[in-house]
Amino acid sequence: GMQSHLQALLTLYKFFCPELVTITLPGKIKVYFKNPGGPWKAAIAAVRQRNQENSAVSRPLFLNAAQTQSRKRKWNSQLVISASSASGNLTEEDSKKNDVALFNTNETFPVEQLQTFPQLLQNIHCLEFPSQMGSVLTNPLLLHYMNCSKDESIYLRLHYWMGQTLQEECPWSVADSNQYEEEFKNFLETVYKAECFLQEGFSSCEDFLCKSLPVWDGSSCQSQVLKLVTWTSLSSFSEMKSRLCDSLTQLFLTSSLYFKCSVLESLKELLQNWLSRHMIHQVSELGS
């Protein structure tokens, strides 16, 4: 049966290979695989921080595993490419050689060394997406690469990670999360900027809006939520009405004039984005 520790293990697999885990898993699972080296990592991090600051004031070494990593650091670490590959410590001469990779080699170009668009073009055949898919959202070069890639597993990984993060961190649907609303706002802004860059909305964001708008108070992260609405994919009117418009209508009727104008503005941008994408597809079809 679906025992809790097996669900946790399957969830871990789904983060990296979602195409291999086809069953539906619960959104919230207890942490069953805690890092046994937490206290040591906390001590090492404290020593590094003290040495980097070159401060003469001694700092205590916290050995409590609960203090190893703040929530803010957890959020930031998901949006930054970690230099985990062995080729991350190459010399400058080796890096220059790697910049012009041969098509016949099977070596992958480390994404943490990807800095310029010419590098992307020269190594696009041997790039590998980072293990933390959230870092793609803050990297324009990787967003370009994702836009060109035909690998469906990449979109599945990003969709699954983003869906889990939005569900677990949403301040109006998770208890005792209001103190982290500012971080959630920044995360939604990052997602929105990535959508603007790709000129296309993420399906995980659309799922999040459909599930969370019925319980949204209309004030928490108001600007960011309405921005995400603008990249929702337009389908049939009946589907749009039930999934999106009904929830906004309830808030619209009982809200301030400012909120009413904000909703109308977001719906106008939604229509503009849909028309732009529709025209691009029409032009490409005519051209072909």
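Residues numbered from 1 in each chain as written. Predicted model: local features only at pLDDT ≥ 70, side-chain atom pairs only at ≥ 80, totals over all residues. Heavy atoms only, no water.

Enquirer: Pulling in residues and values, what's your account of the pattern of salt bridges?
Expert: As enumerated under the stated definition, the model contains 6 salt bridges in all. Linking Lys227 and Glu189 is a salt bridge whose minimum nitrogen-to-oxygen distance equals 2.9 Å. Within this pair, whereas Lys227 is found in helix α10 (residues 222-229), its partner Glu189 is found in helix α8 (residues 181-198), the two being separated by 38 residues in sequence. Across the pair Arg243 and Asp207 runs a salt bridge whose closest N-O atoms are separated by 4.0 Å. Of this pair, Arg243 sits in helix α11 (residues 237-254) while Asp207 is found in helix α9 (residues 203-212), placing the two residues 36 residues apart along the sequence. Beyond isolated ion pairs, a larger network of salt bridges with shared partners links Glu206, Asp207, Glu239 and Arg243. (Salt bridge = Lys/Arg side-chain N within 4 Å of Asp/Glu carboxyl O. Helix = DSSP H or I, 4+ residues; strand = E, 2+ residues; numbered from the N terminus.)

Enquirer: So what about the packing of helix α7 (residues 152-169) against α8? Which residues, and what values?
Expert: At a closest axis distance of 11 Å, the pairing of α7 and α8 adopts a crossing angle of 150 degrees. Regarding the angle of α7 to α8, the classification is roughly antiparallel. Note on packing geometry: the crossing formed by α7 with α8 is left-handed. On α8, the residues touching Trp161, Met162, Thr165, Leu166 and Glu169 of α7 are Phe184, Phe187, Leu188 and Val191. For the contact of α7 with α8, the residue count by class is 7 nonpolar, 1 polar and 1 charged. (Axes fitted to C-alpha atoms, helices over the stretch in contact; angles between N-to-C directions. Parallel < 35°, antiparallel > 145°, perpendicular 65-115°, else oblique. Left-handed = near helix turned anticlockwise from the far one by under 90°. Contact = heavy atoms within 4.5 Å. Nonpolar A, V, L, I, M, F, W, Y, C, P; charged D, E, K, R; others polar.)

Enquirer: An account of the confidence of the model for the protein is needed here, citing residue identities and associated values.
Expert: Counting all residues, the mean pLDDT for the protein is 76, and 73% of those residues have values of 70 or more. Considering each helix and strand of the protein separately, the mean pLDDT is smallest for helix α4 (residues 92-99), with a value of 48, and largest for α10, with 93. A low-confidence stretch, residues 83-92 (pLDDT under 50), is modelled with 10 contacts involving residues beyond four sequence positions or located in other chains. For residues 97-105, every residue scores under 50 in pLDDT, and the model assigns this stretch 15 contacts once sequence neighbours within four places are set aside. (pLDDT = per-residue confidence, 0-100.)

Enquirer: I'd like to hear about the environment of Thr108, residue by residue, with values.
Expert: The topology assignment puts Thr108 in the loop between α4 and α5 (117-123). Taking C-alpha positions, Thr108 is 8.5 Å from His125, a pair spaced 17 residues apart along the chain. Sequence-distant contacts of Thr108, that is, excluding residues within four places in its chain, are made with Cys126 and Glu128.

Enquirer: Describe unusual backbone geometry, and please don't skip the residues or the numbers.
Expert: Negative phi characterises most residues that are not glycine, and trans characterises most peptide bonds. A positive phi angle is found at Gln199, which is not glycine, with a value near 55 degrees. Here Gln199 shows up in the loop between α8 and α9. In this structure Gln199 comes out as partly exposed when scored by relative accessible area, which is 43%. Phi at Cys221 is positive, roughly 55 degrees, even though this residue is not glycine. By the element assignment, Cys221 lies in the loop between α9 and α10. (Buried < 20%, exposed > 50% of the residue type's maximum accessible area, 1.4 Å probe, protein only.)

Enquirer: Talk me through α10; I want residue IDs and the actual numbers.
Expert: In terms of burial, α10 is largely enclosed, as 6 of its 8 residues are buried. Among the residues of α10, those classed as buried are Gln222, Gln224, Val225, Leu226, Leu228 and Val229.

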